[in-house]
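Chain by chain, the residues run as shown.
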Amino acid sequence: MTALQRWAEALASWAIPPEILAAAPESPWVLPRQVFERRADTQIAAPTGATHTAARAALAEPGSVLDVGAAAGATSLPLVGRVPVRELTAVDADEALLAGFAARAAGLDLPATVLCGWWPELADETPVADVVVCGNVVYNVADLTSFVHALTAHARRRVIVEVAAAHPLTELNPLWRRFHGVDRPAGPTAEDFLATLSELGIEPTAVRWRRHPEAEYASFAELTDVTRRRLCLPSDAEPEVAAALRELGVDPALPPDLGSSGRELMTVSWPGRGV
């Protein structure tokens, strides 16, 4: 089996067992927009991490930026005003997050072009940029071949991808075992992503780093509610979920989002082929 096939199979194994999903009182597919918004605002105010460093280096000379899977803008908007970004394009499938991206970009005096839809389906209508950034998206992508090729073809200088060291949902695995008695998958990982790139003929630069702890929710109660829904549990299970989170070592004063990126990260970059 190829690395690309192993990647796709590993992602497919994250499907929730049908009997648990059928009994869920609410959809477990929670998109915590508030987390992405808080991350964007935090990074715009004080950017940190190897992904930002790599993007700044690629934009030492004035250039354009394409942000794929842009969400609220945590990956690209911190560049504005710190390096000479001439044009900014954002692609994301969530209309509300894109609206927030556009508003933040306008507030930074760099109006952005926003395209709502999925990558690489929107690739043909997306302009080529000097630098393409893609933050914490690839674990949602089963077909990495077309996704990665489209990223590379849209970057004149460099593609910069941020990926959690392990699949973000692994942080919830102890809770799935506790509440449902099921063992969830352990992969894929950032190392598996590197293997797929090698199979695609790409030899990237990879930098491992750690994000500092920060509050990603306004309150511990908000984190508890989202976690409870992700676990397919009813609302009356919230006290037990809160207790379980504390036992996992979650600091109620710094409630993280368990399931969207994690703190152990890798920044992966390679030359673009866009013209």
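Described in the following lines is the structure provided in the data block. All values reported here derive from a predicted model rather than from experimental measurement. (Residues numbered from 1 in each chain as written. Predicted model: local features only at pLDDT ≥ 70, side-chain atom pairs only at ≥ 80, totals over all residues. Heavy atoms only, no water.)

1. Describing the overall build of the protein chain
Looking only at helices and strands, the protein chain features 10 helices and seven strands. Scaling as 2.2 N^0.38, a compact globule of 275 residues should have a C-alpha radius of gyration of about 19 Å, and the protein chain matches this with 19 Å. Taking the principal axes of the C-alpha coordinates as reference, the protein chain spans close to 55 × 45 × 30 Å. Here the protein chain, with 275 residues, has 52% of them falling under the buried criterion. Just so you have it, the protein chain exposes about 12,100 Å², and 54% of that area is on carbon and sulfur atoms. (Helix = DSSP H or I, 4+ residues; strand = E, 2+ residues; numbered from the N terminus. Rg over C-alpha atoms; globule rule 2.2 N^0.38 Å. Buried < 20%, exposed > 50% of the residue type's maximum accessible area, 1.4 Å probe, protein only. Areas by Shrake-Rupley, 256 points an atom, 1.4 Å probe, with all protein chains shown as cover.)

2. Remarks on the packing of aromatic side chains
For the coordinates displayed, the defined rule picks out two aromatic pairs. Between the aromatic rings of W7 and Y139, the centroid separation amounts to 5.6 Å while the plane-to-plane angle is 10°, which identifies the pairing as stacked. Taken together, the positions of W7 in helix 1 (residues 3-12) and Y139 in the loop between strand 4 (129-135) and helix 6 (144-153) put the pair 132 residues apart, joining distant regions of the chain. The burial state of W7 is the same as that of Y139; both residues are buried. Note on W7 and F193: the rings are 6.0 Å apart at their centroids and 50° apart in plane angle, and the pair reads as tilted. With W7 in helix 1 and F193 in helix 8 (residues 190-199), the pair connects residues that are 186 residues apart, well separated along the chain. Exposure class is identical for W7 and F193. Each is buried. (Phe/Tyr/Trp six-rings, centres within 6.5 Å; stacked < 30°, edge-to-face > 60°.)

3. Looking at the side chain of E162
By secondary structure assignment, the location of E162 is in strand 5 (residues 155-164). Under the relative-accessibility criterion, E162 is labelled buried at 6%. A distance of 2.6 Å separates the side chain of E162 from the side chain of T51, its partner in a polar contact. The residues touching E162, leaving out its near neighbours within four places in the chain, are T51, C134, G135, N136, V137, W209, R211, L265 and M266. (Polar contact = N/O pair within 3.5 Å; in protein donor to acceptor, adjacent residues only side chain to side chain. Contact = heavy atoms within 4.5 Å.)

4. Describing the sheet that holds strand 5
The strand order 3-2-1-4-5-7-6 describes an open sheet built from seven strands, whose pairing is mixed. Single-partner strands in this sheet number two, and they are strand 3 (113-116) and strand 6 (205-210). Neighbour to neighbour, the strand axes of the sheet diverge by 15° on average, direction disregarded. Along the sheet, helix 5 (residues 95-107) contacts strand 1 (63-68), strand 2 (85-92) and strand 3; its crossing angle with strand 3, the most-contacted strand, is approximately 175°. (Pairing = 2+ DSSP bridges. Axes fitted to C-alpha atoms, helices over the stretch in contact; angles between N-to-C directions.)

5. Observations regarding the side chain of T227
For T227, the position within the fold is in helix 9 (residues 220-230). Each residue touching T227, except ones within four places of it in the same chain, is listed here: L172, L175, V241 and L245.

6. Observations regarding unusual backbone geometry
Here the residue pair W119 and P120 is connected by a cis peptide bond, since its omega of 10° sits within 30 degrees of zero. Structurally, P120 can be placed in the loop between strand 3 and strand 4. For the bond from G187 to P188, the omega torsion is 5°, close enough to zero to count as cis. Within the element layout of this structure, P188 appears in the loop between helix 7 (173-180) and helix 8. Phi at A71 takes a positive value of approximately 50°, unusual for a residue other than glycine. Examined against the element boundaries, A71 turns out to sit in the loop between strand 1 and strand 2. The phi torsion at N136 lies on the positive side, around 55°, for a residue other than glycine. Of note, N136 is situated in the loop between strand 4 and helix 6.

7. A few points about the packing of helix 3 (residues 33-45) against helix 5
Axis angle and axis distance: for two packed helices, these are the angle between their axes and the distance between the axes, and together they describe the pair. Between helix 3 and helix 5, the least distance of the axes is 11 Å, while the angle of their chain directions is 20°. Regarding the angle of helix 3 to helix 5, the classification is roughly parallel. Note that helix 3 runs across helix 5; the crossing there is right-handed. In this structure, helix 3 contributes R33, F36, E37, A40, D41 and I44 to the contact, and helix 5 contributes A96, L97 and R104. (Parallel < 35°, antiparallel > 145°, perpendicular 65-115°, else oblique. Left-handed = near helix turned anticlockwise from the far one by under 90°.)

8. Thoughts on helix 4 (residues 50-58)
Taken together, the buried positions of helix 4 are A50, T51, H52, A55 and A58. Packing partners of the buried residues in helix 4 comprise strand 4, strand 5, strand 6 and strand 7 (264-271).

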